[in-house]
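This is what each chain is made of:
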Amino acid sequence: MGYNVAVVGATGNVGREMLNILEERQFPVAKVTALASKRSVGKQVSFGDKTLTVQNLDDFDFTGTDFALFSAGGSVSAKYAPIAASQGCIVIDNSSHYRMDPDVPLIVPEVNPEAAAGYTKKNIIANPNCSTAQLVVALKPLHDAAKIKRVVVSTYQSVSGAGNEAMEELFNQTKGMFVHDEPTPSNFTKQIAFNVIPHIDVFMDDRYTKEEWKMTVETKKIIDPAIKLNATCVRVPTFVGHAESVNIEFENSLSADEARELLREAPGIMVVDNPEENGYVTPVECVGDYATFISRIRDDSTVDNAINLWCVSDNLRKGAALNTVQIAELVGREYLKKAA
């Protein structure tokens, strides 16, 4: 059985990665359609050894399409996702637009697959924020074992999370610094080359950024509303791969050694934790991989029942495209085939 799949936003970083992962994971497709806005119509994108010509989202009929994987921004999802859903297509949306909708499940397949059953309310499933996705994969097995009370996380997020133009800005600024060009911020509020910026998305009334708010509310929705989470989100001058420094406090006793063994057995996680031999993973080492890598697991000597860890993942993959395809696999396996 093959599914008809549409990728919305097929010319962007995440859209192209979705096409790559559909082919890599041999997702059972009968037909794949690449969709984008009018200005991208006629462009070509790759799907395995095939070349797809981008079609216009504005006038596309989703009837007969099984899955639409959206990665074209919140305003596009707000307008077109309900149209696709009303035509019988299951929408998996990578924007933030539907994440906190109580009638739309927010899914990370390794963490809360059972919640995907709720897709029938609107025919829409939301994909979490990239920094949230890798975090909850790490938190879930620990929460199941010792119940998490509080999480303090600082992120080190690559520029690819802000799109193609942001990656070009880092490249051009870095190159320009060597010939004494004055770096001019465009996509970022300040110089990104050889710098870090503690500002992702807009500031809110409480002085946290929207990115930090997303991590808090999405973690609660995916795992447990009782978890307290405090985030500081920082953009760093790397092209791909988000990293997070995470402090976790538990209600029950859990040592670093116990946490390490739990994480080794958890789905979607690769533990690389041998500091004596530089056994830890950095963003450049995770690029192109499916796993969420966990390193530097250690006890927090200042608080009872608390540990620290370092979490790294390819944000274009697990943080976006891979998780979206995994959701489609889950729904196809658990619900559509059973219904048939």
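Peer 1: Break down the overall build of the chain for me, citing the residues and quoting the values.
Peer 2: The secondary structure content of the chain amounts to eight helices and 14 strands. Computed over C-alpha atoms, the radius of gyration of the chain comes to 20 Å, within 12% of the 20 Å expected from 2.2 N^0.38 for 340 residues, which places it in the range of a compact globule. Each principal axis of the C-alpha distribution contributes one length, and for the chain these read about 60 × 60 × 40 Å. Looking at the chain as a whole, 53% of its 340 residues qualify as buried. Within the chain, residue pairs in contact and separated by at least 24 positions form 67% of the contacts whose partners lie at least 6 positions apart. In the structure as shown, the chain presents an accessible area of about 15300 Å², 48% of it carried by carbon and sulfur atoms. Measuring between centres, the 33 positive side-chain charges of the chain sit 5 Å from its 44 negative side-chain charges.

Peer 1: Please set out the nonpolar core residue by residue, giving values where relevant.
Peer 2: In terms of nonpolar packing, the biggest core is built from 54 residues, with Phe-62, Phe-70, Leu-142, Val-151, Ile-248, Ile-294 and Leu-309 touching the most fellow members. Looking at this core, the element that brings in the most residues is helix H3 (residues 130-146), giving seven residues. Residues within four places of Phe-70 in sequence aside, it is in contact with Val-8, Met-18, Phe-62, Val-76, Ser-77, Tyr-80, Ala-81, Ala-84, Val-91, Ile-92, Asp-93 and Asn-94.

Peer 1: An account of the sheet that holds strand S6 (residues 67-70) is requested, with residue identities and associated values reported.
Peer 2: Taken together, six strands build an open sheet; the order of strands is S5-S2-S1-S6-S7-S8 and the sheet is parallel. Strands with a single pairing partner mark the edges of an open sheet, and in this sheet they are strand S5 (55-56) and strand S8 (124-126). Across six bridges, the pairing between strand S1 (residues 3-8) and strand S2 (residues 29-36) is parallel. Within the sheet, the bridge partner assigned to Asn-4 lies in S2 and is Lys-31. Across the face of the sheet, helix H1 (residues 13-24) comes into contact with S1, S2 and S6 while running at roughly 155° to S1.

Peer 1: Tell me about the pattern of salt bridges, and name the residues and values.
Peer 2: One pass over the structure, following the stated rule, counts 13 salt bridges. Residues Lys-140 and Asp-144 are paired through a salt bridge, measuring 2.8 Å at the closest nitrogen-oxygen approach. Highlighted residues: Lys-140 and Asp-144, both in helix H3, separated by four residues, approximately one helical turn. Residue classification places Asp-144 among the exposed positions, given a relative accessible area of 52%. Connected via shared salt-bridge partners are Glu-17, Glu-24 and Arg-317.

Peer 1: Tell me about H3, and please be specific about residues and values.
Peer 2: For an α-helix, 3.6 residues make a turn, and residues three or four places apart therefore share a direction. The end-to-end C-alpha distance of H3, which contains 17 residues, comes to 25 Å, matching closely the 24 Å that a straight helix rising 1.5 Å per residue would cover. Within H3, 15 of the 17 residues are buried, which leaves it mostly tucked inside the rest of the structure. Phi for Lys-147, located one or two positions after H3, is positive at around 60°.

Peer 1: Which residues make up the packing of aromatic side chains, and what are the values?
Peer 2: For the structure shown, the criterion picks out seven aromatic pairs. An aromatic cluster of three or more residues is present, and its members are Tyr-3, Phe-27 and Phe-67. Across the ring face of Tyr-290, the terminal group of Arg-25 is positioned such that the distance to the ring centre comes to 5.2 Å.

Peer 1: Kindly report on unusual backbone geometry, identifying the contributing residues and their values.
Peer 2: At Asn-123, a residue that is not glycine, the phi angle is positive and equals roughly 60°. Along the chain, the position of Asn-123 falls in the loop between strand S7 (90-93) and S8. Phi at Lys-147 takes a positive value of approximately 60°, unusual for a residue other than glycine. Here Lys-147 shows up in the loop between H3 and strand S9 (148-157).

Peer 1: I'd like a description of the sheet that holds strand S10 (residues 228-235), backed by residues and values.
Peer 2: The strand order S10-S9-S11-S14-S13-S12 describes an open sheet built from six strands, whose pairing is mixed. The sheet terminates laterally at S10 and strand S12 (269-271), the two strands that pair on one side only. Averaged over all adjacent pairs, the angle separating strand axes in this sheet is 20°, with direction ignored. Of the pairings in the sheet, the one linking S9 to S10 comprises eight bridges and is parallel in character. Its bridge partner lying in S10, Tyr-156 is registered against Val-234. Relative to the sheet, H3 contacts S9, S10, strand S11 (242-250), S12, strand S13 (292-299) and strand S14 (306-313), its axis offset from that of S11 by approximately 25°. Against the sheet, helix H5 (residues 210-222) touches S9, S10 and S11, its axis set at about 145° to S10.

Peer 1: Quick one: what's the story with the packing of H3 against helix H6 (residues 256-265), residue by residue and with numbers?
Peer 2: Interhelical geometry of H3 versus H6 gives an angle of 120° and a closest axis separation of 9 Å. When the axes of H3 and H6 are compared, the pair comes out oblique. For the element pair H3 and H6, the recorded crossing hand is right-handed. Between H3, through Ala-138, Pro-141, Leu-142 and Ala-145, and H6, the contact on the second element is made entirely by Ala-259, Leu-262 and Leu-263. Of the residues that constitute the contact of H3 with H6, the class distribution is seven nonpolar, no polar and no charged.

What counts, and at which threshold
Residues numbered from 1 in each chain as written. Predicted model: local features only at pLDDT ≥ 70, side-chain atom pairs only at ≥ 80, totals over all residues. Heavy atoms only, no water. Helix = DSSP H or I, 4+ residues; strand = E, 2+ residues; numbered from the N terminus. Rg over C-alpha atoms; globule rule 2.2 N^0.38 Å. Buried < 20%, exposed > 50% of the residue type's maximum accessible area, 1.4 Å probe, protein only. Contact = heavy atoms within 4.5 Å. Areas by Shrake-Rupley, 256 points an atom, 1.4 Å probe, with all protein chains shown as cover. Lys, Arg positive; Asp, Glu negative; His and termini not counted. Charge placed at Lys NZ, Arg CZ, Asp CG, Glu CD. Core = buried A, V, L, I, M, F, W, Y, C linked by side-chain atoms within 4.5 Å. Pairing = 2+ DSSP bridges. Axes fitted to C-alpha atoms, helices over the stretch in contact; angles between N-to-C directions. Salt bridge = Lys/Arg side-chain N within 4 Å of Asp/Glu carboxyl O. Expected span 1.5 Å × (residues − 1). Phe/Tyr/Trp six-rings, centres within 6.5 Å; stacked < 30°, edge-to-face > 60°. Lys NZ or Arg CZ within 6 Å of the ring centre and 35° of its normal. Parallel < 35°, antiparallel > 145°, perpendicular 65-115°, else oblique. Left-handed = near helix turned anticlockwise from the far one by under 90°. Nonpolar A, V, L, I, M, F, W, Y, C, P; charged D, E, K, R; others polar.

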